[in-house]
Amino acid sequence: MAITITLGIQKGGCGKSTTTGILSYLLSRDGYRVLAIDMDSQGNLTELLSEQPSNEFVGKSVLEAMQHGNINDYIVPIGENLDLLPANNFLATFPRWIYTGITYTGDSIPFSGIPSLILDHCLDEVRDEYDFIVIDTPPSLSEQTTNALCASEYVVVLFECSNWCYSAIPNFMDSVIGANQHGNRDTKVIGILRTMNDVRRNDAKAFNEMIEEDYPDEVFKKIITRKAPVGRLALYGFSDNSELKQALEQYEGFYKELINRVERK
Ligand SMILES: Nc1ncnc2c1ncn2[C@@H]1O[C@H](COP(=O)(O)OP(=O)(O)OP(=O)(O)O)[C@@H](O)[C@H]1O
Ligand SMILES: [Mg+2]
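Okay, so let's go over this structure. In this text the structure is predicted, and so the values were computed from the model without any measurement.

## A few points about the nonpolar core
Next up, step 1: Membership of the largest hydrophobic core comes to 57 residues, with the highest contact counts inside it found for Ile9, Val156, Val157 and Leu258.
Next up, step 2: Looking at this core, the element that brings in the most residues is helix 11 (residues 244-264), giving 9 residues.
Next up, step 3: Look past the residues within four positions of Val156 in its chain and what remains in contact with it is Ile5, Thr6, Leu7, Gly8, Ile190, Gly191, Leu193, Phe220, Phe254 and Leu258.
Next up, step 4: Counting 28 residues, the second-largest nonpolar core is a separate cluster that includes Leu35, Leu63, Val126 and Ile133.

Structure (structure tokens):
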């Protein structure tokens, strides 16, 4: 039975999609069977893993899987142990469909279940086929995010060391508690990952320390710094990238800590 992990924070540009892509890649590299799910209409994880424009997946995405069921029809093979459930801009119409029953194509598919448990139910069909399901989320506490949280046992919170990300953390933690109470997966934070650090900035250092004081048990020891090869993953991807080793280097430590925590629980 797969362990499902959501990566999130309702602040933009904190490294969610990059970290989700890298984590999916590292798990699959080590022989785990992985399904990566893009729950963000920006489709960044989709483009990172598939190396195709997210518009290629219009009509063939996580949105249709949630509306029609039969999730297997929408899963795209990426590598030996890695599959993707892609997203594109139309995922932004997910809330409208939930509350009106009308899809973005104008079709009527009435919905009468619990809005935040749609993805969770959808995944029941494939949980036995994977060791890990890893979900990327948008920078908002939207239906896409609540569905991801309610479908997950564990949540990695991304903390980009800035004031606005610092103020996003308490509400995000509350949303995880909400998912724990309203969902069926005993959703819990497994850790807070400090990302996008600029080592030259004292304010970044201060925010790193503040978050460690606030959440001493949650923060991962490894701190991810800003590095050009990580940024360029969005350009070169994983399959033919001469600087892949440099891009992955600092994530290996986070990955080890995460696996240790999952194994301990
Ligand atoms: N460690 C890093 N070093 C350098 N660049 C990075 C690093 N991590 C991410 N980036 C780049 O920073 C930008 C934001 O990262 P990413 O898209 O992963 O964040 P996000 O939290 O998913 O954003 P959004 O909230 O828009 O979904 C991207 O251009 C990405 O390539
Ligand atoms: Mg993203």
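Moving on from the model shown.
## Quick word on unusual backbone geometry
Both trends apply: most residues other than glycine have a negative phi, and most peptide bonds are in trans.
Next up, step 1: Even without being a glycine, Asp186 presents a positive backbone phi close to 55°.
Next up, step 2: Structurally, Asp186 can be placed in the loop between helix 7 (163-182) and strand 7 (188-197).
Next up, step 3: Given a relative accessible area of 45%, Asp186 falls into the partly exposed group.
Next up, step 4: With a phi angle near 55°, Met196 is a residue other than glycine that sits in the positive phi range.
Next up, step 5: Mapped onto the fold, Met196 is located in strand 7.
Next up, step 6: For Met196, a relative accessible area of 26% corresponds to the partly exposed category.

## A few points about the packing of helix 1 (residues 16-29) against helix 11
Next up, step 1: Where helix 1 contacts helix 11, the two axes come as close as 10 Å, and the packing angle between them is 80°. When the interaxial angle is binned, helix 1 and helix 11 end up roughly perpendicular. Here Thr18, Thr19, Ile22, Leu23, Tyr25, Leu26, Leu27 and Arg29 of helix 1 come into contact with helix 11, specifically with Leu244, Ala247, Leu248, Tyr251, Glu252, Phe254, Tyr255, Leu258 and Ile259.
Next up, step 2: Per-class residue counts for the contact of helix 1 with helix 11 are 13 nonpolar, 2 polar and 2 charged.

## Some thoughts on a negative patch on the surface
Next up, step 1: Negative charge collects at one region of the surface, where Asp73, Glu125, Asp128 and Glu129 lie side by side.
Next up, step 2: On the secondary structure map, Asp128 appears in the loop between helix 5 (118-123) and strand 5 (132-136).
Next up, step 3: A residue is classified by how much of its surface remains accessible, and Asp128, at 59% relative accessible area, is exposed.

## Re the site of ligand 1
Next up, step 1: Residues in close proximity to ligand 1 total 18 residues, the closest being Cys14, Lys16, Ser17, Thr18 and Lys227.
Next up, step 2: Contact between ligand 1 and Gln42: an oxygen atom at 3.1 Å from a side-chain N or O atom of the residue.
Next up, step 3: Backbone polar atom of Gly231 to an oxygen atom of ligand 1: 3.3 Å apart, as the coordinates give it.
Next up, step 4: Alone, ligand 1 offers 630 Å² of accessible surface; in the complex the protein occludes 79% of this.
Next up, step 5: When residues of the shell around ligand 1 are traced back to their parent elements, those giving at least two are helix 1, strand 8 (219-225) and helix 9 (228-231).
Next up, step 6: When residues in the shell around ligand 1 are grouped by element, the largest group, 3 residues, is from helix 1.

## Examining the pairing of strand 4 (residues 82-85)
Next up, step 1: Here strand 4 shows a buried face lined by Leu82 and Leu84 and a second buried face lined by Asp83 and Leu85.
Next up, step 2: With 4 bridges connecting them, strand 2 (residues 34-38) and strand 4 associate as parallel partners. Looking at the pairing, Val34 lines up with Leu82 of strand 4.
Next up, step 3: Two successive antiparallel strands, strand 3 (residues 76-77) and strand 4, enclose a turn made up of 4 residues.

## Section: the side chain of Thr195
Next up, step 1: Relative to the helices and strands, Thr195 resides in strand 7.
Next up, step 2: Residues contacting Thr195, with those up to four places away along its chain left out, are Cys14, Thr19, Leu158, Phe159, Glu160, Cys161 and Ile224.

## Remarks on helix 1
Next up, step 1: For helix 1, spanning 14 residues, the distance from its first C-alpha to its last is 20 Å, which sits close to the expected 20 Å at 1.5 Å a residue.
Next up, step 2: Restricting attention to buried positions, one finds in helix 1 the residues Lys16, Ser17, Thr19, Thr20, Gly21, Ile22, Leu23, Ser24, Leu26, Leu27 and Ser28.
Next up, step 3: In the segment just after helix 1, Gly31 is the residue with positive phi, at about 95°.

What counts, and where the lines are drawn
Residues numbered from 1 in each chain as written. Chains lettered and ligands numbered in written order. Predicted model: local features only at pLDDT ≥ 70, side-chain atom pairs only at ≥ 80, totals over all residues. Heavy atoms only, no water. Core = buried A, V, L, I, M, F, W, Y, C linked by side-chain atoms within 4.5 Å. Buried < 20%, exposed > 50% of the residue type's maximum accessible area, 1.4 Å probe, protein only. Helix = DSSP H or I, 4+ residues; strand = E, 2+ residues; numbered from the N terminus. Contact = heavy atoms within 4.5 Å. Axes fitted to C-alpha atoms, helices over the stretch in contact; angles between N-to-C directions. Parallel < 35°, antiparallel > 145°, perpendicular 65-115°, else oblique. Nonpolar A, V, L, I, M, F, W, Y, C, P; charged D, E, K, R; others polar. Patch = residues over 30% accessible without salt bridge, like charges linked within 9 Å, V, L, I, M, F, W, Y side chains within 5 Å. Areas by Shrake-Rupley, 256 points an atom, 1.4 Å probe, with all protein chains shown as cover. Salt bridge = Lys/Arg side-chain N within 4 Å of Asp/Glu carboxyl O. Lys, Arg positive; Asp, Glu negative; His and termini not counted. Charge placed at Lys NZ, Arg CZ, Asp CG, Glu CD. Near = heavy atom within 4 Å. Polar contact = N/O pair within 3.5 Å; in protein donor to acceptor, adjacent residues only side chain to side chain. Pairing = 2+ DSSP bridges. Expected span 1.5 Å × (residues − 1).

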